[in-house]
Every structure is written in structure tokens, then in C-alpha cells.
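Architecture at a glance
Here is what each chain is made of, one letter per residue.
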Number of protein chains: 2
Amino acid sequence: MTARKEPISRRDRPAKPALSRRWIVDTAVRIMRAEGLEKATMRRLAQELDTGPASLYVYVANTAELHAAVLDRLLGEVDLTGRDSEQDWREQLRAVMVSYTRVLFEHPPLARAALVARPSGENYLRLVERVLDLLSRSGASREQVAWGLDKLLQDATATAAEHATQGHDPTSEDDWDATVRALHAVDATTHPAITAHMPALISGTMPDRIRWSFDVLIYGITHTPVPGATD
Amino acid sequence: MTARKEPISRRDRPAKPALSRRWIVDTAVRIMRAEGLEKATMRRLAQELDTGPASLYVYVANTAELHAAVLDRLLGEVDLTGRDSEQDWREQLRAVMVSYTRVLFEHPPLARAALVARPSGENYLRLVERVLDLLSRSGASREQVAWGLDKLLQDATATAAEHATQGHDPTSEDDWDATVRALHAVDATTHPAITAHMPALISGTMPDRIRWSFDVLIYGITHTPVPGATD
DNA sequence: ACCTGAACACCGTTCAAGT
DNA sequence: ACCTGAACACCGTTCAAGT
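Everything numeric here is computed off the predicted structure, so don't read it as measured data.

1. Details of the overall build of chain A
Across its full length, chain A carries 13 helices and 0 strands. When burial is assessed residue by residue, chain A has 46% of its 231 residues classed as buried. Sequence separation of 24 or more characterises 70% of the internal contacts of chain A that already satisfy a separation of 6 or more. Summed over all atoms, the accessible surface of chain A reaches about 12,200 Å², with 52% contributed by carbon and sulfur.

2. Notes on the packing of helix H6 (residues 89-105) of chain B against helix H9 (residues 142-162) of chain B
Residues and elements named next belong to chain B. Across the interface, H6 lies against H9 with an axial gap of 9 Å and an inter-helix angle of 30°. Seen along the crossing, H6 lies across H9 with a hand that is right-handed. Facing Leu93, Met97, Tyr100, Thr101, Leu104 and Phe105 of H6, the residues of H9 in contact are Leu152, Leu153, Ala156, Thr157, Thr159 and Ala160. Of the residues contributing to the contact of H6 with H9, the split by class is 9 nonpolar, 3 polar and no charged.

3. Quick notes on the nonpolar core
Counting residues in each nonpolar core, the largest one holds 136 residues, and the members touching the most others are Leu93 and Leu152 of chain A together with Leu93 and Leu152 of chain B. The contacts of Leu93 of chain A, once residues within four sequence positions are left out, are Val131, Leu134, Leu135, Leu152, Phe214 and Ile218 of chain A.

4. A short note on the relation of the copies chain B and chain A
Under the fitted operation, chain B is carried onto chain A by 0.0 Å of movement along the axis and a turn of 180°, and the coordinates agree to an RMSD of 0.0 Å. The superposition operator between the copies reduces to a two-fold rotation axis. For chain B, the minimum C-alpha distance to the rotation axis belongs to Gly220 of chain B and amounts to 2.2 Å.

5. Quick look at the interface of chain B and chain A
At the interface, 65 residues of chain B touch 65 residues of chain A. Both faces considered, chain B and chain A share a buried interface measuring about 5,600 Å² in area, 65% of it formed by carbon and sulfur atoms. The three residues of chain B that bury the most area against chain A are Arg118, Trp147 and Trp212 of chain B, which together make up 15% of that side's buried surface. Here chain B and chain A share 6 salt bridges between them. Where Lys151 of chain A meets Asp155 of chain B, a salt bridge forms, and the shortest distance between an N and an O atom there is 2.8 Å. Those elements that place two or more of their residues in the side of chain B that touches chain A are helix H7 (108-116), helix H8 (122-136), H9, helix H10 (174-184), helix H11 (192-196), helix H12 (198-201) and helix H13 (206-223) of chain B. For the side of chain B that touches chain A, the class distribution of residues is 34 nonpolar, 16 polar and 15 charged.

6. Side note on the protein's contact with DNA strand D
Taken together, 15 residues are adjacent to DNA strand D, and Ala54 and Ser55 of chain A together with Thr41, Arg43 and Tyr57 of chain B come closest. Considering the 4 Å shell around the protein, atoms of DNA strand D inside it are sugar or phosphate in 52% of instances. Contacts to DNA strand D include Met42 of chain B, whose backbone N or O atom sits 3.2 Å from a phosphate oxygen. Within the side chain of Arg43 of chain B, an N or O atom sits 2.4 Å from a base oxygen of DNA strand D. At the level of elements, helix H4 (53-56) of chain A together with helix H3 (42-48) and helix H4 (53-56) of chain B are the ones that each hand at least two residues to the surface near DNA strand D. For the surface near DNA strand D, a count of residues per class yields 7 nonpolar, 6 polar and 2 charged.

7. Comments concerning the protein's contact with DNA strand C
Near DNA strand C you find 15 residues, and of these Arg43, Tyr57 and Thr63 of chain A together with Ala54 and Ser55 of chain B are the closest. The sugar and phosphate moieties of DNA strand C supply 52% of its atoms located within 4 Å of the protein. One nitrogen or oxygen atom from the main chain of Met42 of chain A is found 3.2 Å from a phosphate oxygen belonging to DNA strand C. Here a phosphate oxygen of DNA strand C sits 2.8 Å away from a polar atom, N or O, in the side chain of Tyr57 of chain A.

8. Considerations on the packing of helix H5 (residues 63-75) of chain B against H7 of chain B
Residue and element names in this part refer to chain B. Where H5 meets H7, the axes come as close as 10 Å, and the angle between the chain directions of the two elements is 115°. Crossing handedness for the pair H5 and H7: left-handed. Residues His67, Val70, Leu71 and Leu74 of H5 form the contact with H7, whose own contacting residues are Leu110, Ala113 and Ala114. Of the residues that constitute the contact of H5 with H7, the class distribution is 6 nonpolar, 1 polar and no charged.

9. Considering the UniProt feature "domain: HTH tetR-type" (unreviewed entry) in chain A
UniProt's entry tags residues 18-78 of chain A with the feature "domain: HTH tetR-type" (unreviewed entry), counted in the numbering of this structure. Annotated as residues 18-78 of chain A, this span is 64% helix and 0% strand, and its ends, taken at the C-alpha atoms, are 30 Å apart.

10. Observations concerning unusual backbone geometry
Residues and elements named next belong to chain A. Look at Asp50: it is not a glycine, yet its phi comes out positive at around 65°. Looking at where Asp50 falls in the secondary structure, it is placed in the loop between helix H3 (42-48) and H4. Classification of Asp50 as partly exposed rests on a relative accessible area of 35%.

11. A few points about the UniProt feature "DNA-binding region" (unreviewed entry) in chain A
Using the residue numbers shown here, the UniProt feature "DNA-binding region" (unreviewed entry) corresponds to residues 41-60 of chain A. In this annotation, residues 41-60 of chain A is assigned 55% helix and 0% strand; the end-to-end C-alpha distance for the span is 12 Å.

Cut-off values and rules
Residues numbered from 1 in each chain as written. Chains lettered and ligands numbered in written order. Predicted model: local features only at pLDDT ≥ 70, side-chain atom pairs only at ≥ 80, totals over all residues. Heavy atoms only, no water. Helix = DSSP H or I, 4+ residues; strand = E, 2+ residues; numbered from the N terminus. Buried < 20%, exposed > 50% of the residue type's maximum accessible area, 1.4 Å probe, protein only. Contact = heavy atoms within 4.5 Å. Areas by Shrake-Rupley, 256 points an atom, 1.4 Å probe, with all protein chains shown as cover. Axes fitted to C-alpha atoms, helices over the stretch in contact; angles between N-to-C directions. Left-handed = near helix turned anticlockwise from the far one by under 90°. Nonpolar A, V, L, I, M, F, W, Y, C, P; charged D, E, K, R; others polar. Core = buried A, V, L, I, M, F, W, Y, C linked by side-chain atoms within 4.5 Å. Least-squares fit on C-alpha atoms with pLDDT ≥ 70 in both. Buried area = accessible area lost by both parts, 1.4 Å probe. Salt bridge = Lys/Arg side-chain N within 4 Å of Asp/Glu carboxyl O. Near = heavy atom within 4 Å. Polar contact = N/O pair within 3.5 Å; in protein donor to acceptor, adjacent residues only side chain to side chain. UniProt positions renumbered as here; feature names shortened; annotations may be inferred.

Set out below in C-alpha cells:
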């Protein structure tokens, strides 16, 4: 606690805050919001925190763990309350999933990180608790509810992860466009099914597709028994 | 065609094959099989092809496009034929999806790449054609079949992408383990639903979960009409 | 016209050496 | 004991300059 260094160095710049896991994650979130997750690198973080990259490894094991921590922080923004007027578990669950999807849609690289490094923070557990609670009101078996949770979260996460639009500038939107072009360019003789389904393959707004996916999963989950389940 | 250089340099090493997109992708596939997709970098590829990295950009636009090409090459291994004895479209489709999943499971980084850079190569189109053909035999509407295709491929791709096991050495399996530990450590008072569903949340073998997911999706897809569909 | 050496602007992670 | 400078071993992509 006793100052060993010259007080002058203290006045030169604002007091450098002590490094901590919390402060590192806070900074990573700030950089991600301003410039995207890809800029929240160990080196950049160290620079921002006025230290060397090696120092960060005292508080986080590696980049994957850091990104998992950032994800959990973001999951705190998911709205878990249903509207009070809404009594139906299905619509409350839909609202939670829409909120979760919306949060991930703002940061697709984070959705991709979520597919690799499974989260396990407190906000993730809160989300899991809420989804299980709502889904169990369907009357489906415990096994169906438990396995169904994974499918719901996986579907939303994968949909957000696919939503590339790297810099959402229209110059580099070639990705989905290339697939659409390939589907259109297909020969009707060699690919009759693609030709027959052509308008529908690329139809639908994102909200419509997300709504339909949710309905598909809920219907499937509540009607498909888990193999070997005892109840 | 006329030799301008000393013949001696020709004898020093085997003739350097002419660069081509095909040869680049072949080499990337070879490196991926031997050491994983993460080693199939532009620089490593250039080294392997005895040139500088800049030369590759004459044939591939960037790393994402290269990985998409590698994925399409791998998709050539997906078994699209159902067994002859099997007449049921559902079981034939299941076999195709299991084969697709199996191919991606051998290279999870490729599954992750597939979620980002949508493929559009010939083997991808062959797979799409086959899945649409089989799924349309369910009698579901064109819209349900078209949107259902996306869900089936997305589910299998995301499941493979999640299957991290980076170097499949047991020392770094902390990832899913951490989630399991977090679920177990949860307080029964604050997280009653997690506690109630606990055994089921982590139960099930991968084949059982994959089989159930397929059944959930097929049931949901064939029973959920697409909003605003005309047929 | 076609190709590429060399440079630019970065990465993650480790470990010996400092305080 | 705790922290970190500097190094190691890489990246993707571009562009001026060569053949």
C-alpha cells in the first residue's frame, strides 16, 4: 500500500487500474461493441490495458475462454421475462428465443464462438433455467425437455452464426449470393428437384424463417419421444 | 516451350507442377487430412507448392473461398444412394444425413467454415438435389420441403461444428466438461428446472441424439405449414 | 500479361528474467 | 511470489517490381 515510486509518475497519466479478469472482459466487450469481436484480441486488449499480452494469461486461459466470458456477459441482455399479458408458455418461450437470437445477430462472430466453446457462465445458466421451465410446461417428458433445450439454442445460435455479412457493406455480400446464383444456374435435367423447388428455396424473410423454425422445433420436440426414456 | 534455363536446374528437383486452382485445392485437402484444416493456410500451401503466398491469389479469392472449395471436395464423399432394400424415403433420407454428418464429424473446423461461407459447388448441389427429392416424397408442400432442407443441413452442420475435441487428446476436453460441471454445481433453490432435468441434460449417446434430432425435424417440418404459402 | 518477392500489419502463446 | 519484455512461430493480403 505504501507508495514506492515517485508521485510524479502518478500525475503523468490517470491511475492505471489494477488488472483483473473482470476488467479484461469489460474491455473486451467495449472493443467488440465498437469494432467487432475480431478486434478483441489478446494483443489489442493488452495494449488497451497498458501492459504486455503475457500479463493477460494470469487471468484468462486463452482466447476461447475470453470469448466465452464475453458471450456470457452479452447473454445478460437476453430478456427472460415474458409479457405479463401473455400466459401461454409457447409465446413466452418464443419471446425468450427471439431475444436470444437478436442478441447473437448483433455479433455473429460471438455466435460462432458459442458453437465452439460451450458457455457455462451465470447468464447462460439463467437462460437454460428459464427455457427448461417454460418448455416443461408443454407436458413433454423430462428427456424431451432436456434434449429439446439443446436443439432450440443450437438452432438460434447456428442461424446467427450463418448470418455472416462480415462488414455489412454491400460489396462483399457474395457469400449467400453465390449460393443463390448457383441454385438458379442449375440445369433442370440434372437437378429437377432444385428446379421444382426454386422459388421456395430462397423465399421468406428472416423473421418468417425464424418463426417457422421455432414452430417446427417445438412441434417436433413435444411429439417425438426420446429413445429408451422411462417416462 | 523452349528451355531458357540450364537443364541442370531441371534435374535438381522433380518438375514443379504448374499452379492451378485444382492443384491448390488438392494440396489443401491433403494437408487437412494429414494435419487438420487449421494447417491448410495460404502460407503453408504456398510453401508446399514451392511458391510465394501471393501466387495463390491468382486462383483463389481468399481463405474463406479456399475452405469452401475444400468442403465441396469433401462433400463428394457423402453417400447419396440409399440401400436398395430400403424403400422408405424417411430411412433413405436418414442414411444421407448420417453420411453427411459423418463426413463433417471427421473435420469439425470444416463444419464451422460451412456455417460461415455457404457452399455452392457441384457436390453441394448434388446433395441438395437428393435431399429435396427424398423430402418431397413426404407429401409436404414445396415451401416446407425447401425450408426444411435448410433446417436439416443446418442441424447436422451445427452438431458437427460443436463437436470440438480440438486435438482429441483427453487433456483439453475442458470445454463440454466445464458446462457439465456448471450444470451439476447449480443451486437447487435458484435453478430448480436445471436440477429437475439434470440427468437428462447430459444423457444420451451422440448417435441417439442425432437420430432423435432427425426425427424431431422431419416430424416438425412435415407438420408445420410455411406462413403465407399458397399450396 | 502474368506472376511473385518482399513488405505491411497483424496474430496466440511461452518462458526466462526481472521486481 | 508475482508479473512481463521479448521472443518464437506463425498468420492473410497487397502491390510494386520483375520476367
